[in-house]
Amino acid sequence: MGLRELAHAKDINGETLGKILKYLSTRGSDQIIGFEETLLAGLAPDGGLYVPAEWPAVWNGPDTRRLSYAEDAARLMEPFVNGEIDSAALNAITRDAYSEFQHKDVAPLVEIGDGHWLLELFHGPTLSFKDFALQVLSRLFDHVLQRKGERLTVIGATSGDTGSAAIAACQGRSNLDIFVLHPLGLISDVQRRQMTSVVAENVHNIAIEGTFDDCQRLVKAMFNDRAFRYDLALAAINSINWARILAQVVYYHVAASRLNDWPPTFAVPTGNFGDVYAGYVAHRTGLPVKRLIVATNRNDILTQSLTTGKHWLGDVTPTITPSMDIQVASNFERLLFEIYDRNGVEISRRMEALGSDGGFTIEAERLNKARTLFTGIAIDETLTLAEMGRVHAETGLLIDPHTAVGVAAARTFVTTENGPVISLATADPAKFPDSVERATGRRPKTPERLAEALVSDEHCDVLPRDLNTLQAYIRSRSRVGT
Ligand SMILES: *Cc1c(COP(=O)(O)O)cnc(C)c1O
């Protein structure tokens, strides 16, 4: 099927196959596919994640052209989409997607200290940065499906914010049915209500009796069940889907292009390693980046990995930053692929060890490659709350606890000689009002977009942590094939 897709891409471009950007799996199978197929496939058939076979250079230097965010997004995504979706269609998709955002800059930069900037990524429909990718992803799905006259069953696991962003982006689309798994009782009330308050025939909320890692494992297991996957035409909305990463690369470029001073350090509150990996992609596509700070909460497997090389799974501890309560950070596999010189066999072996032994150790020479760019810093709840208090006292701004983890990590790392720092503000404080009030004594105002969700009836089914039960549930409700 790879070849057919490539031939198709050749027809469109009239160019040689060698010039077309292809995608390959991190687990070493030799199958090579095009953008549209990575979009629809999500997970590779060998269990790996898709990455581009090479890195196009897209960095344009400082922003002198003053494109709109949507225009920049289309420009930056185009080399990865490779003519499979034409330029006009791609521009229409990003224009439409980012018109849902309530700030004119879409991703505004706000200075909170000398050379320390917040990149506000929470002005989308569900008030977290997840909207940046999911508003685009649902439209990409729609575009491709309309052309093919097909339907998809979209499935995903959420540690809180992905679910609502995906549901908001997919609700009411006649060619998609969406099933979102969340860990029962382990996400905030606001996060849950943003999902379960949605009334749409194609939206299905499932609370799983388990953790986020269990939800993510179930999603991967459904993708690895070939018959199920093809019968239902499964598509992924988690950051295992390359297109999601791609949409997030954009704001790194856009934010940096607005600074006068380079190269910036980015501080990124991290759970699944998706957002910070997008920063890595920005760097590989030409953006000058001084350092990427991987800020974790006490579920700090990534900080441990980056400091000691030990990548061993522990138990997940619930924290005030639920969207980062993760041990199995899927996208870390994409970084491992790079530091192991793109040797998929080595990655396969380590991912097997993760499943069978609970982890593996990264050799020092490999780890050093990651450490030239990445620094892992874990921030506990006391520091997180103190940071929220400090930012409020110094600037009058309320920040959400996830954002505070990144800002606090930046503060422990950065001195003035380090140059500018951009801390990614990943959620609106109103999504986590209790923590914000605890830290600052102020309760954030409930935005209009949230108010209705907080009082509506909830629609959700509770299922055990069991693959068969879940598959039967989805089979009986998906409209694919009917
Ligand atoms: C999802 C999320 C994160 C973590 O992002 P990853 O891509 O999983 O690393 C951080 N903050 C918030 C508010 C989130 O929703």
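Nothing here was measured: the structure is a model prediction, and the numbers come from that model.

Visitor: How do you make sense of the overall build of the protein chain when you look at a structure like this?
Guide: A tally of regular secondary structure across the protein chain gives 20 helices and 16 strands. Scaling as 2.2 N^0.38, a compact globule of 482 residues should have a C-alpha radius of gyration of about 23 Å, and the protein chain matches this with 21 Å. Principal-axis analysis of the C-alpha atoms places the extent of the protein chain at approximately 55 × 50 × 50 Å. Residues classed as buried in the protein chain amount to 62% of the 482 residues present. Considering only intrachain contacts with a sequence separation of at least 6, the fraction spanning at least 24 residues in the protein chain is 76%. Here the protein chain has roughly 18,000 Å² of accessible surface; of this, 48% comes from carbon and sulfur atoms. Placing the 48 positive and 60 negative side-chain charges of the protein chain at their respective mean positions leaves the two points 2 Å apart.

Visitor: How should the side chain of T403 be read in this particular structure?
Guide: By the element assignment, T403 lies in helix α17 (residues 401–413). Take T403: its relative accessible area is 1%, and that puts it in the buried class. Within the local environment of T403, its side chain forms a polar contact with the side chain of D400, the two groups lying 2.5 Å apart. Beyond its immediate chain neighbours, meaning those up to four positions away, T403 contacts L118, P269, L424, A425, T426 and A427.

Visitor: When you look at the site of the ligand in this model, what are you seeing that I'm missing?
Guide: The ligand sits among 15 residues. The nearest are K130, D161, G271, N272 and T426. Take N272: an N or O atom from its main chain is 2.8 Å from an oxygen atom of the ligand. T426 is positioned such that a nitrogen or oxygen atom in its side chain is 2.9 Å from a nitrogen atom of the ligand. For the ligand, whose accessible area on its own is 380 Å², the fraction buried by protein is 98%. Grouping the amino acids of the shell around the ligand by side-chain chemistry returns five nonpolar, seven polar and three charged.

Visitor: Quick question: what am I supposed to make of the packing of aromatic side chains here?
Guide: Each aromatic ring pair is characterised by the separation of its centres together with the angle its planes make. Enumeration over the complete set of coordinates arrives at 18 aromatic pairs. Look at Y23 and W242: their rings are 5.9 Å apart centre to centre, the planes differ by 50°, and that puts the pair in the tilted class. With Y23 in strand β1 (residues 23–25) and W242 in helix α10 (residues 242–257), the pair connects residues that are 219 residues apart, well separated along the chain. Judged on exposure class, the residue Y23 and its partner W242 are both buried. Between the aromatic rings of Y280 and F374, the centroid separation amounts to 6.0 Å while the plane-to-plane angle is 25°, which identifies the pairing as stacked. Placement of the pair is Y280 in helix α11 (residues 274–284) and F374 in strand β14 (residues 374–378), with a sequence separation of 94 residues. The exposure class assigned to F374 is buried, which follows from its relative accessible area of 2%. Pairwise contacts between aromatic rings join Y69, Y98, F101, F132, Y251, Y252 and F266 into one cluster.

Rules and cut-offs
- Residues numbered from 1 in each chain as written.
- Predicted model: local features only at pLDDT ≥ 70, side-chain atom pairs only at ≥ 80, totals over all residues.
- Heavy atoms only, no water.
- Helix = DSSP H or I, 4+ residues; strand = E, 2+ residues; numbered from the N terminus.
- Rg over C-alpha atoms; globule rule 2.2 N^0.38 Å.
- Buried < 20%, exposed > 50% of the residue type's maximum accessible area, 1.4 Å probe, protein only.
- Contact = heavy atoms within 4.5 Å.
- Areas by Shrake-Rupley, 256 points an atom, 1.4 Å probe, with all protein chains shown as cover.
- Lys, Arg positive; Asp, Glu negative; His and termini not counted.
- Charge placed at Lys NZ, Arg CZ, Asp CG, Glu CD.
- Polar contact = N/O pair within 3.5 Å; in protein donor to acceptor, adjacent residues only side chain to side chain.
- Near = heavy atom within 4 Å.
- Nonpolar A, V, L, I, M, F, W, Y, C, P; charged D, E, K, R; others polar.
- Phe/Tyr/Trp six-rings, centres within 6.5 Å; stacked < 30°, edge-to-face > 60°.

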